[in-house]
Structure formats: C-alpha cells, structure tokens
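The lines below spell out each chain.
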Amino acid sequence: MTFHDIWQTLSWHDTQLNSHNYTAQQVQAAMAKSKLTLSDLQALLSPAAVAFLPQIADKALRLTRQRFGATVQFYAPLYLSNLCANECSYCGFSMSQKIKRKTLTVEEVEQECQALKALGIDQVLLLTGEHEHKVGMAYFRTLIPVIRRYFSSLQLEVQPLAVSEYAELRQLGVDAVMLYQETYQAGAYQQHHIKGRKADMPWRLNGPDRIGQAGIDKIGLGVLLGLTDWRTDAVMLAQHLQYLQKRYWQCRFSLSVPRIRPCSGGGIAANAVTDKELIQLICAFRLFAPELEISLSTRESAQFRRFVTPLAITSLSAGSKTQPGGYSVAPESLQQFSIDDDRLPSQVAADMTEQGLQPVWKDWETCLGR
C-alpha cells in the first residue's frame, strides 16, 4: 500500500467541511494536549482558532525551544537548470515561457559553489526544472560529486524519481529530498499542472514513498499555498506525514509551506493566504508534530521572517537566487519566481543573533556522518 491508495479513500469535501466546523472549546482542548490527533490539528487550523493565535504561537515557541534549542539552520538554493518539460500555471520555468534556457556546466557549477562558499553557505538545496531527459540522472551523476566537495550537506528538489535512482543519489551524497505535492485536491492539481509528467498526480503522490524506500535521510513535504483551500490541503498533508512517519520511521521529515509568488506569465494566487493564516498554519504544525523541521524561504519578506522564525522555524534560506547561475555566472537570467527577502546571509544571521537565536551553517560533520 502507498499513500496514493490512502488518498483515494479521503474526501476533500468532507475534510474541508470538518475543518471549518470547530468551536472555541475544541480549540482550547487541543491546545491543552501534549499529543495531538488529526482532529486536534483541524481545530487549530479552523477559523475558531484565530482568536487563540497568541496562545498557540506561545506554545509553538516553547516546543521549538525544547526540541531544537535556539538553533536555526541556514541554506541556499542552487539552481542548476531552468529546462522544464512541464506546463504549470504558477511557474516561470514552464515549457511555454519564452525565456532563455540555461543548464550549468561543470565549470559554471564550480563557480557558483565558490560564490556560495564566499557567502558562508555550507548547505545547499539543488534545484532544476523537471526535464528528466536533459536534466536527469546522467546530469546528476556528473554534477553532484563536484558539488559535494564544497558543502557539508546536499538537499535535492527535482522531478520525482524511481527508488533505484533515489538510492543512487544517496550514494552520491544527497542527504535530503524535497518533493512538494503542491495540492492534494485532484481538480485543482489537474487545473494547475497542464502538461508533462507532473500532470501525473499518482506518480507524484507516491514519490515520498520511493524516497523512504531508498533510505534517504530526510524527506521534505509541502504544499503551494494559493492554489486552493489551505486548511484542507494542510490536513491532507498532515495525513501524508503521519503515514510516512509510521512507515519510514528511520527518516527525518521537514515541512515547507510556500505562498505563490509572482513570476513570468503567472504566479497570481486565486486563494491567497494572509500573513496571519500562514502563522496559524506553521504554529499548528509545530503543536501537531514537535519534532518536525520547518523551513521558511526568501519568498517571504524580511519583516515576516524575523517575526515568525523564533516561533517555529528551524531552517532558513538566505541570499537566494532562483535562476541558474544567479550567484555569479548569469545573474541577469530570469528567476523561477520573485523573492521578497534579498538580504545577504550575513545580514540574516546577524538579525537572528540579535533575536537570541544561533545560526547554524552546516548539518553534517563529514568525519561523523559521511
């Protein structure tokens, strides 16, 4: 059985209806528990919980300190290619976009790595557009060993792959794979994923299963906020997380909840999520899963990140460029999406230190884990 099998038994309509029908008393009861059920999470995500957001945030902060101390890990995205064989409504890399396509060479990748190291970065998230023929395993086999020499930790966010391919990537030095479902609502998924392999929703839904079967250390889950009802997507994501934690208990798990950002040809959220709602979502997940790593990217503003990070965030991107070669090779290239926090990593770190947090620049010590 895979999560797709479980997902087929779930009712989006019933889940959406339930997520809006909680009372203040049920919210208070959920807040008082040390171990939350899925129903408790729904209560904390419900409109009734908005009135209790300060108390929820306070408990989220306490749980974050208990589990993670005052540490915040820093990383940067490294875009290797903007080639893509998919058509998605919200992405500047979609195959119909009339942009200059670029795939970094080995020499260009080394130049980008050196630029990132000069910024103090020691963890990177490798990204490409989803083009399995031109930017697939053959490309990864060439580039990942080169990149691995520069950084203590490698994370990967590319097209869904087979178990054997994930297992090979693990041997090459990949520590984590991020595979965001975007949305669990079938109609919205098909509406926004128009052409290409990404339109195959079951293949993507079962991707985290394949990552777990390959023994990758960390699996990253997420939804793209703005595609449909955020509360319902969050509840289904939580069900996905529970399933994976039980089945692949050796793995760590992380959460990312990006909001749609403007991009070339799209990026307008039909179901916009407010700052307060995003805080509610992040803090509710901290109460639901205290051990969960939660990431916040430069899609969000410096002011918002400064406020939310102490509450529940364990990982921040900094100094991000969302185009291949953006750090030194081709800074003029078109971004995948616009960012909202363009501060240097050193500036973000200084800001976090001022708040009493401890920036952590690496996740692995080679002599201990590799």
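Note: the structure precedes this text.
Residues numbered from 1 in each chain as written. Predicted model: local features only at pLDDT ≥ 70, side-chain atom pairs only at ≥ 80, totals over all residues. Heavy atoms only, no water.

Undergrad: Quick one: what's the story with the packing of helix α7 (residues 137-148) against helix α8 (residues 163-172), residue by residue and with numbers?
TA: Direction vectors running N to C along α7 and α8 enclose 20°, while the axes themselves pass 10 Å from each other. The angle between α7 and α8 places the two elements in the roughly parallel class. Note on packing geometry: the crossing formed by α7 with α8 is right-handed. Contacts between α7 and α8 pair M137, F140, R141, I144, P145 and R148 from the former with E165, E168, L169 and L172 from the latter. (Axes fitted to C-alpha atoms, helices over the stretch in contact; angles between N-to-C directions. Helix = DSSP H or I, 4+ residues; strand = E, 2+ residues; numbered from the N terminus. Parallel < 35°, antiparallel > 145°, perpendicular 65-115°, else oblique. Left-handed = near helix turned anticlockwise from the far one by under 90°. Contact = heavy atoms within 4.5 Å.)

Undergrad: Mind laying out unusual backbone geometry, listing which residues take part and the relevant values?
TA: Backbone geometry places E182, a non-glycine residue, at a positive phi of 75°. Position of E182 among the secondary structure elements: in the loop between β5 (176-178) and α9 (186-192). Given a relative accessible area of 9%, E182 falls into the buried group. (Buried < 20%, exposed > 50% of the residue type's maximum accessible area, 1.4 Å probe, protein only.)

Undergrad: Report on the nonpolar core, specifying residues and quantitative values.
TA: Counting 103 residues, the largest nonpolar core has I147 and F285 as its most contacted members. By size, the runner-up hydrophobic cluster in this structure holds 16 residues, among which are C88, F93, L127 and Y180. (Core = buried A, V, L, I, M, F, W, Y, C linked by side-chain atoms within 4.5 Å.)

Undergrad: Would you mind going over the environment of T23 in detail, with residue names and values included?
TA: Summarising the element assignment, T23 is placed in the loop between α2 (12-19) and α3 (24-32). In the structure, T23 is positioned 33 residues away from I56 in sequence and 15 Å away in space, judged by C-alpha atoms.

Undergrad: An account of the packing of aromatic side chains is needed here, citing residue identities and associated values.
TA: The final tally for this structure, using the stated rule, is 6 aromatic pairs. Between F3 and Y184 the ring centres are 6.3 Å apart and the planes differ by 85°, which places this aromatic pair in the edge-to-face class. Here the residue F3 occupies a position in helix α1 (residues 3-7), and Y184 occupies one in the loop between β5 and α9, the gap between them amounting to 181 residues. With a centroid separation of 6.2 Å and an interplanar angle of 90°, the aromatic rings of F285 and F288 are classed as edge-to-face. Taken together, the residues F285 and F288, both in helix α13 (residues 275-288) and 3 residues apart, mark about one turn of the helix. Note on accessibility: F285 and F288 belong to one class, buried. (Phe/Tyr/Trp six-rings, centres within 6.5 Å; stacked < 30°, edge-to-face > 60°.)

Undergrad: Outline the environment of P145, supporting the account with residue identities and numerical values.
TA: Along the polypeptide, P145 turns up in helix α7. According to the relative accessible area criterion, P145 is partly exposed, its value standing at 30%. C-alpha of P145 to C-alpha of C113: the two residues are 32 residues apart in sequence and 12 Å apart in space. The contact partners of P145, leaving out residues within four places of it in the chain, are F140 and L172.

Undergrad: Outline helix α5 (residues 53-68), supporting the account with residue identities and numerical values.
TA: With 16 residues, α5 should reach 22 Å at 1.5 Å per residue; the first-to-last C-alpha distance of 22 Å fits that figure. Its buried side turned inward, α5 meets α3, α4 (38-45), β1 (71-81), α13, β9 (293-296) and α14 (302-312). Once α5 ends, the next one or two residues include G69, with phi positive near 65°. (Expected span 1.5 Å × (residues − 1).)

Undergrad: Could you give me a rundown of the pairing of strand β7 (residues 218-222), with the residues and numbers involved?
TA: Summarising burial for β7: 5 of the 5 residues are buried, a large majority. Burial along β7 is two-sided: K218, G220 and G222 and I219 and L221, pointing in opposite directions, are all buried. With 3 bridges joining them, β5 and β7 adopt parallel strand pairing. Each bridged residue has a counterpart across the sheet, and for A176 the counterpart in β7 is K218. Note: β7 against strand β8 (residues 252-256), 5 bridges, orientation parallel. Across the sheet, K218 pairs through a bridge with R252, a residue of β8. Regarding topology, helix α12 (residues 230-247) serves as the crossover connection from β7 to the parallel β8, and that connection is right-handed. (Pairing = 2+ DSSP bridges. Right-handed = clockwise from strand over helix to strand, strands pointing away.)

Undergrad: A description of the pairing of strand β4 (residues 153-157) should follow, citing residues and the corresponding values.
TA: Among the 5 residues that make up β4, 4 are buried, leaving the element largely enclosed by the rest of the structure. Examined bridge by bridge, strand β3 (residues 123-128) and β4 share 5 bridges and lie parallel to one another. Residue pairing for β4: L126 is matched across the bridge by L156. Each parallel crossover has a hand, and for β3 linked through α7 to β4 it is right-handed. In this sheet, β5 lies alongside β4 in parallel orientation, the contact comprising 2 bridges.

Undergrad: Please give an account of the packing of α4 against α12 that cites residues and values.
TA: Two measures define how a pair of helices packs: the angle their axes make with one another and the distance between the axes. For the pair α4 and α12, interaxial distance at closest approach is 10 Å and the crossing angle is 155°. As far as their axial angle goes, α12 and α4 are roughly antiparallel. Crossing of α4 over α12 shows right-handed handedness. In this structure, α4 contributes L38, L41, Q42 and L45 to the contact, and α12 contributes W230, R231, A234, V235, A238, Q239 and Q242. Class assignment of the residues belonging to the contact of α4 with α12 gives a composition of 7 nonpolar, 3 polar and 1 charged. (Nonpolar A, V, L, I, M, F, W, Y, C, P; charged D, E, K, R; others polar.)

Just geometry here; none of it tells us what the structure is for.
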